[in-house]
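Here is what each chain is made of, one letter per residue.
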Amino acid sequence: MKKLRSKVVRALKREFTFECTISSRMNQVILNVKNIDFEQHLGQLIQQTQLIIDKYFPQREEHLCLVIQTNGNQQNTFKIWKSV
């Protein structure tokens, strides 16, 4: 699982268009976004994350847990399920 998470972090760092810091910690991929209206852009953040992961890792054998957070302590946690 650690191997997939580290590959996901690298892919997100390459492709993600929002200004953020991306890391992996405690079985989660963490996106710490900066300078956005969190509630207004949350849907776009989740959608772009899902598209990048599906593009690079269409066949996943593990679930991924992702956390999107801001410096203002707003946070959303979601899962991307493994492939069927």
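Up top is the structure these notes are about.
Residues numbered from 1 in each chain as written. Predicted model: local features only at pLDDT ≥ 70, side-chain atom pairs only at ≥ 80, totals over all residues. Heavy atoms only, no water.

Once that is clear, we can look at helix 2 (residues 38-56). Look at helix 2: 26 Å from first C-alpha to last across 19 residues, which is about the 27 Å you get at 1.5 Å a residue. Residues Phe38, Leu42, Leu45, Gln48, Thr49, Ile52 and Ile53 constitute the buried set of helix 2. Looking at the buried positions of helix 2, the neighbouring elements they touch are helix 1 (2-15), strand 2 (28-33), strand 3 (64-70) and strand 4 (75-80). (Helix = DSSP H or I, 4+ residues; strand = E, 2+ residues; numbered from the N terminus. Expected span 1.5 Å × (residues − 1). Buried < 20%, exposed > 50% of the residue type's maximum accessible area, 1.4 Å probe, protein only. Contact = heavy atoms within 4.5 Å.)

This paragraph deals with the side chain of Arg5. The topology assignment puts Arg5 in helix 1. As a buried residue without a salt bridge, Arg5 has its nearest oppositely charged side chain in Glu62, at a separation of 6.4 Å. Residues in contact with Arg5, not counting those within four places in the same chain, are Ser24, Asn27, Gln28, Val29 and Leu64. (Lys, Arg positive; Asp, Glu negative; His and termini not counted. Salt bridge = Lys/Arg side-chain N within 4 Å of Asp/Glu carboxyl O.)

All right, on to the pairing of strand 2 then. For strand 2, a buried count of five out of six residues is recorded, marking the element as mostly surrounded by other parts of the structure. In this structure, strand 1 (residues 20-25) lies alongside strand 2, joined through six bridges in antiparallel fashion. Looking at the pairing, Cys20 lines up with Val33 of strand 2. From the end of strand 1 to the start of strand 2, which pair antiparallel, there are two residues, and Met26 there has a positive phi angle of about 50°. (Pairing = 2+ DSSP bridges.)

There is a patch of like positive charges on the surface, built from Lys3, Lys7, Arg10 and Arg14. Position of Lys7 among the secondary structure elements: in helix 1. Looking at Lys7, the relative accessible area reads 35%, which means it is partly exposed. (Patch = residues over 30% accessible without salt bridge, like charges linked within 9 Å, V, L, I, M, F, W, Y side chains within 5 Å. Areas by Shrake-Rupley, 256 points an atom, 1.4 Å probe, with all protein chains shown as cover. Charge placed at Lys NZ, Arg CZ, Asp CG, Glu CD.)

What follows concerns the sheet that holds strand 3. As summarised here, the arrangement of the four strands in space is 1-2-3-4, forming an open sheet in which the pairing is mixed. The open sheet is flanked by strand 1 and strand 4, the only strands paired with a single partner. Direction aside, neighbouring strands of the sheet carry axes that sit 20° apart on average. (Axes fitted to C-alpha atoms, helices over the stretch in contact; angles between N-to-C directions.)

Counted residue by residue, strand 3 has seven buried out of seven residues, so it is predominantly covered. Where strand 2 and strand 3 come together, five bridges link them in parallel fashion. Bridge pairing links Val29 to Leu66 in strand 3. Examined bridge by bridge, strand 3 and strand 4 share six bridges and lie antiparallel to one another. Within strand 4, the residue paired with Val67 across the bridge is Thr77. What sits between strand 3 and strand 4 in their antiparallel hairpin is a turn of four residues, with Asn73 showing a positive phi close to 70°.

So far we have only geometry, and geometry alone does not tell us how the molecule works.
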